[in-house]
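So you can see what is in the structure, the chains are spelled out below.
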Amino acid sequence: MTVYSELHCLSHFSFLRGVSSPQELVLRACALSYRALALTDECSLSGIVHAHRAAQEHGLQLIVGSEITVREGLKCVVLVGCASGYAELVDLITRGRRGDKGRYDLGLADIAGLSSCLVLWCPDQDPSRDALAVSLAQALGSRFWIAGELHKTGLDDRHRERLHALSARLARPVVACGDVHMHKRGRRALQDTVTAIRFKTSVADAGWALYPNGERHLRDIPTLCALYPEAWLQETQVVTAACRFSLEDLHYRYPRQGRNPRHSLAQLIRLAREGLAVRYPRGVPDPVQSLARHELSLIGELAYADYFLTVHDLVRFARDRGILCQGRGSAANSVVCYALGITAVDPARLEVLFERFISRERNEPPDIDIDFEHERREEVIQYLYERYGRDRAAMTASVITYRTRSALRDVAKALGCEATLVNRLAGLLGWWEGVDVLEGRLAEQGMDVRKPPFRQLIALVRELAGRPRHLSQHTGGMVLSQESLARLIPIEQAAMPGRTVLQWDKDDLDALRIMKVDCLGLGMLTALRKAFAIMREHKLGPGALWEIPAEDRAVYEMVSAADTVGVFQIESRAQMALLPRLRPRTFYDLVVQIAIVRPGPIQGNMVHPYLRRRQGREAVSYPSRDIEAVLGRTLGIPLFQEQVIKLAVVAAGFSPGEADALRRAMGAWKRDGDLQAFKGRFLEGMRGRGYGEDYANDIYRQIHGFGAYGFPESHAASFALLAYASAWLKCHVPDVYLCALLNSQPLGFYAPSQLIADARRHGVRVLAPDVRSSQVDTILEVDAGGRRAVRLGLGLIGGLKRKAAVRLTQLSQSERSSLPALTRTARLTRTDGWHLAEGGALDGLSGSRPQALWGSLAAQAPLPLFADPEEAETWRRPGSHAGDMQADYRALGFSLRGHPVGLARAHLGPEVTSIAALGGVRPGALVTIAGLVISRQRPGSAKGLMFLLLEDETGTANIIVSADVAEAFRPLVLRSALVRVRGVLQRTPDKIQHIHAREFLRMPGPSPASA
């Protein structure tokens, strides 16, 4: 019986070449009874871990390899036979990828220089390069084969004869290969489509770039036997026997921080003791000391001391540079992380659970997330590169996949659609919608979806959506290694200068137990640092995070009133709706507030029971003291992942590691799963400890409901620290906080216009940009009478180059006193002057916006009629309120002169109520309001509801839009900036009001927002 191994196979990780996943290829190879499969993506190992896991699961031998086309034109398949060959291939790919992102450059000498890998040469129909293959064969000797690839093109007989002749000439055997691009022939149309996308053309115009048929799939063995000589097929087993390397043979070592593991652990213990002494100057509590000993013992047993020392060093570097940072997530479950200054979460204030972070049973590497100021995170990343070297440090990859709209755009172009039609088609889908609604959307537009090309369009979009588009970089995951990473994982250049990226993503690293450090950027840390700098400059109070007074009653009053625009983590409409009901009064209340407005607790039906119990409308009882010890702080409702783990331990007898495995399995259940084994053990364990069947099922249903979607208590606590700090600043120094927010954009839910409007409603004076006094950033001005005001920065003016703004701020007051002098001295271009005038920054010099626009042009390039610049000043034209507002919106995105709805109020009619006046309308009344659409949200847990935030000149209103209404008024709901909404006013007992929309109407006439 013939045995076959496929030795040349590309997956969809050969981006826009292959069209099947590694898993699909492995499953198909198993179904066809192949002995082995080589995954050989082009100059890449991006899909190899996916294939490795699938091959392990199904008992197929996986051969690691890569296809390389050298600059001389030869296409070769490089296969790994042993560990040294793997390191050689990784180094080869890394060297090839040192150039521009998405390209590689290797020569024949690079292939000929391989000393441990096997090489298959894939001859094409052109014999002109055969002489090059002769030299390659001589260099590689017995590690060289000729790939025989036959695809029923009508030229197979001629090609077969040529391969026989080459075999005789080179004295090397031919081995059968398939040049596989898909697991089944049915992917042919998709393969043609991605080829057209890759070449930026249409399928109709792609010509010879397309393959002539669909033979590049995994074919059954009878078909192969009829096509290939038996000797070629048998040679696949010779190659297979020589390729015994597995990814399980990889040996990754984290960089040593001490002379040896014992020295590193001793160093960590010393730092932890010193840190605890600083954290607890009056003495370390006994429970904390006990936890620290337990953690350090486990860290030493699992040899993770070096990892903790690295993160400690990283945090030390950031703080020495004045960069705000804070660890969060699982790391906050660690007393050691608190002692080392990695997190700010005091374990004495929480029920920490180290096994949520590191577990002996799980035996997975720790994963510490550290948030740094988003504007200065690059300093931290570059420090890691400098300390460990480019060969031992690199960023984790992130695979960018096609979403439905991007797939629709690319497929439509590949099918030859005109650009206007492509844009129209893409506009039919909401950002949240998948391919399942595409057919209906097309039919609504009068397109016959049963006929080509729309039938093909829908089918191809369905196949392409979710597939890899290209390789990008993770938001901050850094992998460090004792040895060179370039012999472990291929490294390539990132699009961003100064960064290099591994070809493996986070899941690949986790699968092979490779550790990483997450250096993440957080805009709120940037804003807080800038706020404290202003506070110190003006001597206004706390100048650092730890100096903010704790448990401030005024802060909690503001938060409970949902006055939280711009406050970290509790500024969304969902958070605002819950705040008056939960009414936080302590720090732990904030922890709960942050965690409870998440998909997990919502889907697990935990929010309303918790609120009823907190408000005293539902009794709280516990079936045992053990359960009360776990759920007492959350009134008997499991809200946190740590509680899931503890419940499994105390109520069902799980070990801590087994309990965390349960939590992970619950998260995966919605995608893959079968939780019956865990469910049976959990329920049986609870019954064995005397808990009733109903209670056990109820608890299981709750924790199953949120599984991996629940928030860790430690994570929520880390965020609560920043939420409280930002709320304190908004409450006590709103002008300072506004400056910091505007200078840290983008961050949060709100654009500068909404932040400014909210601050002005709180009595903050905001002054327009002015070249005579503005800086690049927004500043706090204090006049002679001691009154403070926020002066908007020149950096907010759209289109103005930052370099020009910097030059302006370096001028003296006298140089800023006249437009011609200012223009010449700051070397402003005509475009710079125009943007300054549009943004109102020249109004103080020119007297009016039209005069400023005219003056900026005249000062830059005087016309012959005005040879003397002073003559240009004799032309005068006053501005208009409406015109100035339009210019403000064009340049700034907002206006301090008013609001577009206020400008249009006289034309709206008496039936349109201002948002501020809604407070006097009875609940249940039908109302009409007009407003600027500030945000659109459609949470996955909201059962199809959309939430719009509308703003007029008097305030903001929350609009709830049902799926039916959103569909009926789709263009207005999804795309209009300014709308009228008619609906039913609803108001809760906590005075939270919203409008259930029934109808959307266009605004009458033009408005500044649309100008």
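Residues numbered from 1 in each chain as written. Predicted model: local features only at pLDDT ≥ 70, side-chain atom pairs only at ≥ 80, totals over all residues. Heavy atoms only, no water.

Peer 1: Teacher, can you tell me more about the pairing of strand E8 (residues 325-328) here?
Peer 2: Residues in a regular strand project their side chains so that they alternate between the two faces of the sheet. Residues of E8 alternate between two faces, with Cys325 and Gly327 on one and Gln326 and Arg328 on the opposite face, all of them buried. Two elements, E8 and strand E9 (residues 368-373), share 4 bridges in a ladder whose sense is antiparallel. Bridge pairing in E9 links cysteine 325 to phenylalanine 372. (Buried < 20%, exposed > 50% of the residue type's maximum accessible area, 1.4 Å probe, protein only. Helix = DSSP H or I, 4+ residues; strand = E, 2+ residues; numbered from the N terminus. Pairing = 2+ DSSP bridges.)

Peer 1: Teacher, can you tell me more about the pattern of salt bridges here?
Peer 2: Once the charged atoms of two side chains with opposite charge are near each other, the side chains can pair. Per the stated rule, a full pass over the model turns up 51 salt bridges. Taking the shortest distance from any N to any O, the salt bridge between glutamate 215 and arginine 185 comes out at 2.9 Å. Here the residue glutamate 215 occupies a position in the loop between helix H7 (188-198) and helix H8 (221-227), and arginine 185 occupies one in the loop between strand E7 (174-177) and H7, the gap between them amounting to 30 residues. With a relative accessible area of 4%, glutamate 215 lands in the buried category. The class of arginine 185 is partly exposed, set by a relative accessible area of 44%. The closest approach of N and O atoms between aspartate 510 and lysine 506, which form a salt bridge, is 3.0 Å. Taken together, the residues aspartate 510 and lysine 506, both in helix H19 (residues 506-511) and 4 residues apart, mark about one turn of the helix. For lysine 506, a relative accessible area of 30% puts it in the partly exposed group. One salt-bridge network, held together by shared partners, links Glu24, Arg187, Glu463 and Arg467. (Salt bridge = Lys/Arg side-chain N within 4 Å of Asp/Glu carboxyl O.)

Peer 1: Please clarify how a positive patch on the surface should be interpreted in this entry.
Peer 2: Taken together, the side chains of Arg405, Arg409, Lys413 and Arg975 make up a positively charged region of the molecular surface. If one sorts the elements of the positive patch by residue count, helix H15 (residues 404-414) sits on top with 3 residues. (Patch = residues over 30% accessible without salt bridge, like charges linked within 9 Å, V, L, I, M, F, W, Y side chains within 5 Å. Areas by Shrake-Rupley, 256 points an atom, 1.4 Å probe, with all protein chains shown as cover. Lys, Arg positive; Asp, Glu negative; His and termini not counted. Charge placed at Lys NZ, Arg CZ, Asp CG, Glu CD.)

Peer 1: Is there a simple way to think about the packing of H15 against helix H16 (residues 419-426) in this case?
Peer 2: Axes are the key here: two packed helices are described by the angle between their axes and the distance separating the axes. Taken N-terminus to C-terminus, the directions of H15 and H16 make an angle of 155°; their axes are 9 Å apart at the nearest point. The angle between H15 and H16 falls in the class roughly antiparallel. H15 and H16 meet at a crossing whose hand is right-handed. Residue-level contacts link Arg405, Leu408, Arg409, Ala412 and Lys413 of H15 to Val422, Asn423, Leu425 and Ala426 of H16. In terms of residue class, the contact of H15 with H16 is built from 5 nonpolar, 1 polar and 3 charged. (Axes fitted to C-alpha atoms, helices over the stretch in contact; angles between N-to-C directions. Parallel < 35°, antiparallel > 145°, perpendicular 65-115°, else oblique. Left-handed = near helix turned anticlockwise from the far one by under 90°. Contact = heavy atoms within 4.5 Å. Nonpolar A, V, L, I, M, F, W, Y, C, P; charged D, E, K, R; others polar.)

Peer 1: How do you make sense of the sheet that holds strand E11 (residues 468-480) when you look at a structure like this?
Peer 2: Taken together, 7 strands build an open sheet; the order of strands is E8-E9-E14-E11-E10-E13-E12 and the sheet is mixed. Each of the sheet's edge strands pairs with one partner strand only, and the pair in question is E8 and strand E12 (491-493). With direction set aside, neighbouring strand axes in the sheet form an average angle of 45°. Pairing geometry for strand E10 (residues 393-401) and strand E13 (residues 500-505), over 2 bridges, is parallel. Looking at E13, one finds that alanine 397 is bridged to aspartate 505.

Peer 1: Explain the nonpolar core here, please?
Peer 2: Soluble, globular proteins show a tendency: their nonpolar side chains are buried together. By size, the foremost hydrophobic cluster in this structure holds 123 residues, and its most contacted members are Tyr86, Ile111, Phe308 and Trp504. When residues in this core are grouped by element, the largest group, 9 residues, is from helix H12 (residues 305-320). Phe711, Ala727, Leu747 and Val776 belong to the second largest nonpolar core, which has 108 residues in total. (Core = buried A, V, L, I, M, F, W, Y, C linked by side-chain atoms within 4.5 Å.)

Peer 1: Just checking my understanding: could you explain the packing of aromatic side chains for this structure?
Peer 2: How two aromatic rings sit relative to each other is given by the distance of their centres and the angle of their planes. Tallying each qualifying case throughout the model produces 13 aromatic pairs. Ring geometry for phenylalanine 13 and phenylalanine 15: centres 6.2 Å apart, planes at 75°, overall edge-to-face. Clustering of aromatic rings is evident, with ring pairs tying together Tyr254, Tyr307 and Phe308. The ring centre of tryptophan 145 lies 5.2 Å from the NZ or CZ of arginine 172, which sits over that ring. The ring of tyrosine 338 has arginine 279 sitting right over it, with the charged end atom 4.1 Å from the ring centre. (Phe/Tyr/Trp six-rings, centres within 6.5 Å; stacked < 30°, edge-to-face > 60°. Lys NZ or Arg CZ within 6 Å of the ring centre and 35° of its normal.)

Peer 1: Just checking my understanding: could you explain the pairing of E9 for this structure?
Peer 2: Most of E9 sits inside the fold, with 6 of its 6 residues counted as buried. The pairing of E9 with strand E14 (residues 517-522) spans 6 bridges and is classified as parallel. Within E14, the residue paired with aspartate 371 across the bridge is leucine 520.

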